[in-house]
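Next come the chains, spelled out residue by residue.
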Amino acid sequence: MPTLLPEELVKWQFVESQVKQVMGAYAFREIRTPIVERTELFQRTIGESTDVVSKEMYSFTDRKDQSLTLRPEATAGVVRAGIEHGLFYNQTQKLWSMGPMYRYERPQKGRYRQFHQINMEAFGYQGPDIDLEIILMTARIWKALGINSIQLEINSLGTPASRQVYRDALVGYFSDQKDSLDEDSVTRLKTNPMRILDSKNPDMKGLILNAPKITDFLDDESKQHFSILLKALESHGIDYKLNSNLVRGLDYYTKTVFEWTSDQLGSQATVCGGGRYDGLVEQLGGKDVCGIGCAIGMERLTELVEVSVEKAENSQPKIYIVAVGEGAEIHASIMAETIRDENQNYAVEVNMDGGNFKQQFRRADKSGAELAIIVGEQEIEQGTISLKPLKSDDEQTTVKQEELIGQLDEFFG
Ligand code: ATP
Ligand code: MG
């Protein structure tokens, strides 16, 4: 479970603020659910036979022997909360959430045991127009972050009924070729046959290529939904790649499923994955309300954002207050509070724990501040302050104390 250090978080905060702005522009609102939920919730939504539930959950019992789990994904909790708080009664919902998720996976680049997702979900919209809107929203997020090397892959898993027929066909096909299956696929054949299509084993490639295609099993309703969506994507100029082997790792998906992948990320290439889950709310005891959502992996997303870091880093100019002499320290901290009262866009650092001018200036340089404000005995006496630019050769200037804010605004432009 990685720790995110301050330097890295500068980029994260920039990315998060851009993403929030885009989601706001589509009228999505934030929801925050607990990190811990009952284990049963995930078993019922994600599915017992999925990798996530069968081997990746962090579960424990509390003091009353109740089994709880650190959330491996967000949708289950959002649906649970929505049912509990009546969010699905006579209204539609567009919700987003952001936060850590936990999966006991083999850690490697782009894959961690604690990772962060941005989740978007919409409830109560039946037609493909919401599928379109969610995809447009994610496309706009890439654009806002200057990401070009990203590709949409899309598939339809159909209604539960057509999915069942397909599942049977798949079991027939793979059972006939049982000797050619790898160990993983033999297990999946019994528990979750569609997941065989997701196998990363090159030896399985040929077999998968010739397997029955879900697209040939879609019922009319699913077909129509899918073709309207694809046409709409074309109208918006969104390139997509049809991928009939895209099945997604969780059991609850219906109809549209999609992933955004990038060739800049090595083997953990999927930045965002999602799809429809029309039966999920009802399955968890709520009304028959359809849903769709997707999740962006923050670790992989920030990996793709390079150019904007400097912009983010410069967003809060830094001032260091050097204070030497009788009464200078309290004077400096009062001045810092005054600056913060006026304008919180400046990061103000007051020298602490004393030191002579030389020591304090060394700390000021090390802090990365662009400007030092000098408070010495002479300044206090005369009601002035001295300003010394730290990242240029410009001379030190002395101004009246009441001119400080104006001087700062001028200096930082
Ligand atoms: P993958 O195929 O990479 O395992 P997934 O299908 O399990 O992904 P989802 O459950 O759909 O992933 O989660 C959506 C996104 O969350 C992924 O596309 C990815 O960006 C991110 N993600 C998932 N698991 C991890 C992880 N262990 N570490 C970092 N990011 C992750
Ligand atoms: Mg996974």
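Residues numbered from 1 in each chain as written. Chains lettered and ligands numbered in written order. Predicted model: local features only at pLDDT ≥ 70, side-chain atom pairs only at ≥ 80, totals over all residues. Heavy atoms only, no water.

(A) Looking closely at empty space enclosed by the protein. Taken as a whole, this structure holds one cavity of 30 Å³ or more when the rule is applied. Lining the largest cavity, in full, are Arg163, Asn192, Met194, Arg195, Val247, Arg248, Leu250 and Asp251. Classifying every residue of the lining of the largest cavity gives three nonpolar, one polar and four charged. (1 Å grid on protein atoms, 1.4 Å probe; cavity = no way out; pocket = protein on both sides within 12 Å on 5 of 7 lines; lining within 4 Å. Points joined across faces, edges and corners; volume = space filled by probe spheres on them. Nonpolar A, V, L, I, M, F, W, Y, C, P; charged D, E, K, R; others polar.)

(B) Here's a closer look at the sheet that holds strand 9 (residues 254–261). On the basis of which strands lie adjacent, the open sheet formed by eight strands has the order 1-5-6-11-10-9-7-8 and mixed pairing. Every interior strand has two partners, whereas the edge strands, strand 1 (29–30) and strand 8 (240–242), have only one. Across seven bridges, the pairing between strand 6 (residues 114–123) and strand 11 (residues 291–297) is antiparallel. Among the inter-strand pairings, Ala122 is bridged to a residue of strand 11, identified as Ile292. (Pairing = 2+ DSSP bridges. Helix = DSSP H or I, 4+ residues; strand = E, 2+ residues; numbered from the N terminus.)

(C) Broad picture of helix 13 (residues 328–342). Given a rise of 1.5 Å per residue, 15 residues ought to cover 21 Å, and the 21 Å separating the end C-alpha atoms of helix 13 matches this to within 8%. Within helix 13 the residues assigned to the buried category are Ala328, Ala332, Met335, Ala336 and Ile339. Mapping the buried residues of helix 13 onto a view down its axis gives an arc of 105°, with all of them on the same face. Of the exposed residues in helix 13, the ones pointing more than 90 degrees away from its buried face are Ile330, Ile334 and Asp341. (Expected span 1.5 Å × (residues − 1). Buried < 20%, exposed > 50% of the residue type's maximum accessible area, 1.4 Å probe, protein only. Arc of directions from axis to C-beta.)

(D) The pairing of strand 6, seen in detail. Of all ten residues in strand 6, ten are buried; the element is thus mostly enclosed. Taking every second residue as pointing to the same face, both faces of strand 6 are buried, with Gln114, His116, Ile118, Met120 and Ala122 on one and Phe115, Gln117, Asn119, Glu121 and Phe123 on the other. Where strand 5 (residues 93–102) meets strand 6, ten bridges bridge the pair, whose relative direction is antiparallel. The partner of Lys94 across the bridge, within strand 6, is Ala122.

(E) Structural context of the packing of helix 2 (residues 39–46) against helix 4 (residues 75–84). For the pair helix 2 and helix 4, interaxial distance at closest approach is 9 Å and the crossing angle is 105°. Viewed along their axes, helix 2 and helix 4 adopt a mutual orientation that is roughly perpendicular. Contacts between helix 2 and helix 4 involve Leu41, Phe42 and Thr45 from the former and Ala76, Gly77 and Arg80 from the latter. Looking at side-chain class alone, the contact of helix 2 with helix 4 contains three nonpolar, two polar and one charged residues. (Axes fitted to C-alpha atoms, helices over the stretch in contact; angles between N-to-C directions. Parallel < 35°, antiparallel > 145°, perpendicular 65-115°, else oblique. Contact = heavy atoms within 4.5 Å.)

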